[in-house]
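# Breakdown of the fold
So the chains spell out like this:
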Amino acid sequence: MTGSASDTPAGPGDTPAEQGGDTTIGPAGTPTGPTGDTPAGHGGGVTRTAEAGPGDVAVGGAREEHRSAESTVAGSGRFGRPGRPLRRSSFLVGFTGALGVLLAYTVFLGIRNASGILVLVVIALFLAVGLNPAVVRLRRWGLPHGLAVTVVVLTLILLIIAGLVALVPPVLTQTGQFIDQLPSYVEELRRNRTVNDLVVRYDVMQRVQELANADTVGRALGGVLGGAQLIFGTIFRVLTVLVLTIYFLAYFDRLRDLGYALVPRSRRQRVSLIGDEILTKVGAYMVGALSIAVLAGATTFVFALVVELPYPFALAVVVAVTDLIPQIGATLGAVIVSLVGFATGLPVGIACAVFFVLYQQVENYLIYPKIMRRSVQVNEVAALLAALLGVALMGVVGALIAIPVVAALQLILREVVLPRQERR
């Protein structure tokens, strides 16, 4: 039974007529207002139910959740009520746009000035992603996470030291031999009548004396200091990449989970699955590239021993390192070894050229497809274009990360972009 305030006598517990609130008689004869939660003295009816059904509990819970959400949006109220939004005047729009342009330019300057450090960070991340499968494999074998990271890092350091031991002594030895033989080279030039005629005709001795002044010596010392700075700078970069790689390996799982946590919860599972697949492809590419490089270096070492090339281990290391560069690395290593072969003797140089032509055919058509294409699955044309673009943008580093980036882009294109286009 529902009636207005004029039909219901006013009692101590009823809603007064002057408040303008309607009443609803509940199951137990208790008057209830239309709102169900507003006191009568505040302009609304009063709801009092003797018995609450499941529907009433659900509605009450929904209202409480709505109130909680409104209070969260509105804030705690400790700092006053928020004012009206600012009007979108032309001055405010222009000022906001100018601030956005200024912020974008500041970010651009920061990235440009820190490009060297960012390149080192990218290299360290790439190495950490590539070495993480080894850490995971060691953990499956029962090693703790810290010990697994230590084993992988020590192996990497030993490989770097072995490469330096293989390359540095031959360079120092050949440099010392050249310095020792330099006086004999000069004496032979002086005995040559043609060289003497050229010295007299172009006044070479006077030019040498003019160059041997204080300014020239200062520039030469500056060049020496510049060379020392280059050497120490390279050592600093290598140590920086090594330290960053260690940190990234140690906190790889946390960093990955943090990256996934930044994605909205509704899309987090799909993003994590695609992200794990990308990380798997990058790791597979690293393992495959290292396997091919080691195989190329070992083959070159055996060939160098057979044809008696000087410093066979150093040449094998050069071939292995250059073979890590996609598309052009194998050719670069072959040219270096062939030049050494021609310097040793014409038959040896021809043998080197023939060997590398045959080996590259075997590597390109037999070894590379079995190791790389099954794991990374990158189109050949896309890989070539990516390698060229990577060299143009970031040099050798860009060439190294080109194929994993293309593999990631292909996965995103196949799983995200193309299905979205089909649903439109």
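The structure presented is a predicted model; accordingly, all values stated were derived computationally and were not measured. (Residues numbered from 1 in each chain as written. Predicted model: local features only at pLDDT ≥ 70, side-chain atom pairs only at ≥ 80, totals over all residues. Heavy atoms only, no water.)

### Observations regarding empty space enclosed by the protein
Under the counting rule described, the total for this entry stands at three cavities of 30 Å³ or more. One number sums up the size of the largest cavity: a volume of about 60 Å³. As for the largest cavity, its lining consists of Ala296, Val319, Asp323, Ala330, Gly333, Ala334, Phe356, Tyr359, Gln360 and Glu363. The element that contributes the greatest number of residues to the lining of the largest cavity is helix H12 (residues 346-376), accounting for four residues. (1 Å grid on protein atoms, 1.4 Å probe; cavity = no way out; pocket = protein on both sides within 12 Å on 5 of 7 lines; lining within 4 Å. Points joined across faces, edges and corners; volume = space filled by probe spheres on them. Helix = DSSP H or I, 4+ residues; strand = E, 2+ residues; numbered from the N terminus.)

### Notes on a positive patch on the surface
Taken together, the side chains of Arg267, Arg270, Arg420, Arg423 and Arg424 present a region of like positive charge at the surface. Breaking the positive patch down by element, the ones donating at least two residues are helix H9 (265-307) and helix H14 (396-423). Within the secondary structure layout, arginine 424 lies in the segment after H14. Classification of arginine 424 by relative accessible area gives exposed; the value is 74%. (Patch = residues over 30% accessible without salt bridge, like charges linked within 9 Å, V, L, I, M, F, W, Y side chains within 5 Å. Areas by Shrake-Rupley, 256 points an atom, 1.4 Å probe, with all protein chains shown as cover. Salt bridge = Lys/Arg side-chain N within 4 Å of Asp/Glu carboxyl O. Lys, Arg positive; Asp, Glu negative; His and termini not counted. Charge placed at Lys NZ, Arg CZ, Asp CG, Glu CD. Buried < 20%, exposed > 50% of the residue type's maximum accessible area, 1.4 Å probe, protein only.)

### Some details on the side chain of threonine 300
Relative to the helices and strands, threonine 300 resides in helix H9. Setting aside anything within four residues of it in sequence, one finds threonine 300 in contact with Leu315, Ala316, Val319, Phe355 and Phe356. (Contact = heavy atoms within 4.5 Å.)

### Overview of H9
An ideal rise of 1.5 Å per residue puts 63 Å on 43 residues; H9 measures up with 63 Å between its terminal C-alpha atoms. The sharpest bend along H9 comes to roughly 25°, located at valine 271. Downstream of H9 by one or two residues, glutamate 308 has phi in the positive range, about 60°. (Expected span 1.5 Å × (residues − 1). Bend = angle between axes of the 7 residues up to and from the residue.)

### As for the environment of alanine 250
Among the structural elements, alanine 250 can be located in helix H7 (residues 214-250). With a relative accessible area of 33%, alanine 250 lands in the partly exposed category. In the structure, alanine 250 is positioned 100 residues away from threonine 150 in sequence and 9.1 Å away in space, judged by C-alpha atoms. If we skip the residues at most four places from it in the chain, alanine 250 touches His145 and Val149.

### What about the confidence of the model for the chain?
Low-pLDDT stretches of the model should not have their predicted coordinates read in fine detail. When pLDDT is averaged along the chain, the result is 74; 69% of the residues meet or exceed 70. Taken element by element, the predicted model of the chain shows its lowest mean pLDDT in strand E1 (residues 2-3) (42) and its highest in helix H8 (residues 252-261) (90). Throughout residues 1-62 the model reports pLDDT below 50, and contacts reaching past four residues in sequence, or to other chains, amount to 53 contacts. Under a pLDDT of 50 for its full length, residues 68-73 has, in the predicted model, zero contacts with residues more than four places off or in other chains. (pLDDT = per-residue confidence, 0-100.)

### Re the pattern of salt bridges
A side chain with one charge may pair with a side chain of the opposite charge, provided their charged atoms come close. Evaluation of the coordinates by the stated rule reveals three salt bridges. Two residues, aspartate 253 and arginine 139, come together in a salt bridge whose shortest N-O distance is 3.2 Å. Linking aspartate 253 in helix H8 with arginine 139 in helix H3 (residues 115-140), this pair joins segments that are 114 residues apart in sequence. Across the pair arginine 256 and aspartate 253 runs a salt bridge, and its minimum N-O distance is 3.3 Å. Pair noted here: arginine 256 and aspartate 253 are both in helix H8, with a separation of three residues, about one helical turn. Residue aspartate 253 is classed as partly exposed on the basis of its relative accessible area, which comes to 27%. Sharing partners across several salt bridges, the network here consists of Arg139, Asp253 and Arg256.

### Re the packing of aromatic side chains
As enumerated under the stated definition, the model contains six aromatic pairs in all. Judged by centre distance (6.2 Å) and plane angle (90°), the rings of phenylalanine 301 and phenylalanine 313 are edge-to-face. Highlighted residues: phenylalanine 301 in helix H9 and phenylalanine 313 in helix H10 (residues 312-323), separated in sequence by 12 residues. Of the residues examined, phenylalanine 313 reaches a relative accessible area of 44% and is grouped as partly exposed. Ring geometry for phenylalanine 355 against tyrosine 359: centres 6.2 Å apart, planes inclined by 20°, an arrangement best described as stacked. Taken together, the residues span about one helical turn, with phenylalanine 355 and tyrosine 359 both in helix H12 at a distance of four residues. The residues phenylalanine 355 and tyrosine 359 share a single accessibility class, namely buried. Among the aromatic side chains, those forming a connected cluster through ring pairs are Phe303, Phe355, Phe356 and Tyr359. (Phe/Tyr/Trp six-rings, centres within 6.5 Å; stacked < 30°, edge-to-face > 60°.)

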